[in-house]
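# Understanding the architecture of this molecule
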Amino acid sequence: MPQRDWAFLRQQLQVARPGLWATQLWFYLLPLGGMRLLGEWTFWLGAVYVMFPLGYLLYGWNDGADYETDRLNPRKGNYLFGAKLSREQLSRLPLRMALVQAPFWLAMAWAIGPKFWLWAAACLAVNAAYNWPRWGTKGLPLLDVLNQSGYLLVFVLSSWLNDAPQLPWPAMLVGALFAMHSHLVNEIADVDPDRVAGRRTTAVVIGVARTKLLIAAMLLAEAALMQAYFDSLMVVVFLAAAGAGFAIEAAIYRDRVMPEWQLRWVLIAWNLVAIASMHWVWREAIFVSGV
């Protein structure tokens, strides 16, 4: 294959942000704890979808709305943090995103039935609300964080595709808080290019130190929910320790932003933790049997 074609494929893969695939697959598996589904084609359809096709849609749409900040962002242009595209390249993304979604959406609609289109409509609505020019929640403090609860749609899709019960509300709340605190971590990392580009994210408006404290509060809330509703001391300790770590970071380093090389290793370490814990979370069925 010519080098130009390899470069194109590498760039399209970067758009889908493989650095987040482990987390997305982890979310997909949560409603399926204890279920033996490896022989079911619908399981693999969903598992593949939540990684590349869904990532290509979510982050490709996001990149289209983030051109001004991404061109100032030194983190961009790799598999962990996403592609850095020109305006011309971004203009071609919508059609490509649609073509990638089409076969998966048709297959899932056939497997799930007409209600799948409710999921598709909700997915598009959540992303349109976040990325809409000028009026999107991306530029509205706090709403930019609340919008991340749309990741709960991965739970819904997993349950529908695999005939599994929907997760109980405490698990949904833990998932929403997890998605929101993860988004705030990225906002801290992007605070300088966002500020230069004039974007009013939560981290830009309230400052890095307060954002760290907000992340700490979310992590401690997740730990409290796990303690109250689910039988997993290991997860409780992990979340509480992470929350305490962010609180200490805020107290000692205040507005310091983690350098890109350090953030890269943190993300790699998190991916290793997510991959290593997938089987354990599935086997123990923590979020299914806890309530």
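Look up a bit, the structure's there.
This report concerns the structure included in the present document. Being a predicted model, the structure only gives us computed values, none of them experimental. (Residues numbered from 1 in each chain as written. Predicted model: local features only at pLDDT ≥ 70, side-chain atom pairs only at ≥ 80, totals over all residues. Heavy atoms only, no water.)

### Focus: the overall build of the protein chain
For the protein chain, the count of helices and strands is 17 helices and 0 strands. In terms of overall dimensions, the protein chain is globule-like: its C-alpha atoms have a radius of gyration of 19 Å, near the 19 Å expected for 291 residues. Principal-axis analysis of the C-alpha atoms places the extent of the protein chain at approximately 50 × 50 × 35 Å. Per-residue burial for the protein chain yields a buried fraction of 50% across its 291 residues. Across the protein chain, contacts joining residues at least 24 apart in sequence account for 75% of those joining residues at least 6 apart. Computing the positive centroid from 23 side-chain charges and the negative centroid from 19, the protein chain places the two 5 Å apart. (Helix = DSSP H or I, 4+ residues; strand = E, 2+ residues; numbered from the N terminus. Rg over C-alpha atoms; globule rule 2.2 N^0.38 Å. Buried < 20%, exposed > 50% of the residue type's maximum accessible area, 1.4 Å probe, protein only. Contact = heavy atoms within 4.5 Å. Lys, Arg positive; Asp, Glu negative; His and termini not counted. Charge placed at Lys NZ, Arg CZ, Asp CG, Glu CD.)

### Looking at the pattern of salt bridges
With the rule as written, the count across this model stands at 13 salt bridges. Residues D63 and R17 are paired through a salt bridge, measuring 3.4 Å at the closest nitrogen-oxygen approach. Residue D63 is found in helix α4 (residues 52-65), and its partner R17 is found in the loop between α1 (3-15) and α2 (21-29); the two are separated by 46 residues along the sequence. Here the two residues D63 and R17 agree in accessibility, since each one is buried. A salt bridge links R75 to D190, with the nearest nitrogen and oxygen atoms 2.4 Å apart. Here R75 is found in the loop between α5 (67-70) and α6 (87-91), whereas its partner D190 is found in the loop between α11 (169-189) and α12 (191-197), with 115 residues between them in sequence. Judged by its relative accessible area of 7%, R75 falls in the buried class. (Salt bridge = Lys/Arg side-chain N within 4 Å of Asp/Glu carboxyl O.)

### Quick word on the environment of L13
By secondary structure assignment, the location of L13 is in helix α1. For L13 and A83, which are 70 residues apart along the polypeptide, the C-alpha to C-alpha distance reads 8.3 Å. Apart from the residues within four sequence positions on either side, L13 is in contact with P18, W21, F52 and Y79.

### With respect to the nonpolar core
Counting 74 residues, the largest nonpolar core has Y28, F116, W119, L157, M226 and F287 as its most contacted members. No other element matches α11, which puts 9 residues into this core. With 5 residues, the next largest nonpolar core counts L80, A189, L263 and L267 among its residues. (Core = buried A, V, L, I, M, F, W, Y, C linked by side-chain atoms within 4.5 Å.)

### Details of helix α3 (residues 41-49)
Every buried residue belonging to α3 is among T42, F43, L45, G46, A47 and Y49, and all of these are buried. Elements in contact with the buried residues of α3: α2, α4, α7 (93-112), α8 (116-131) and α10 (152-161).

No statement about biological role is implied by the geometric values presented.
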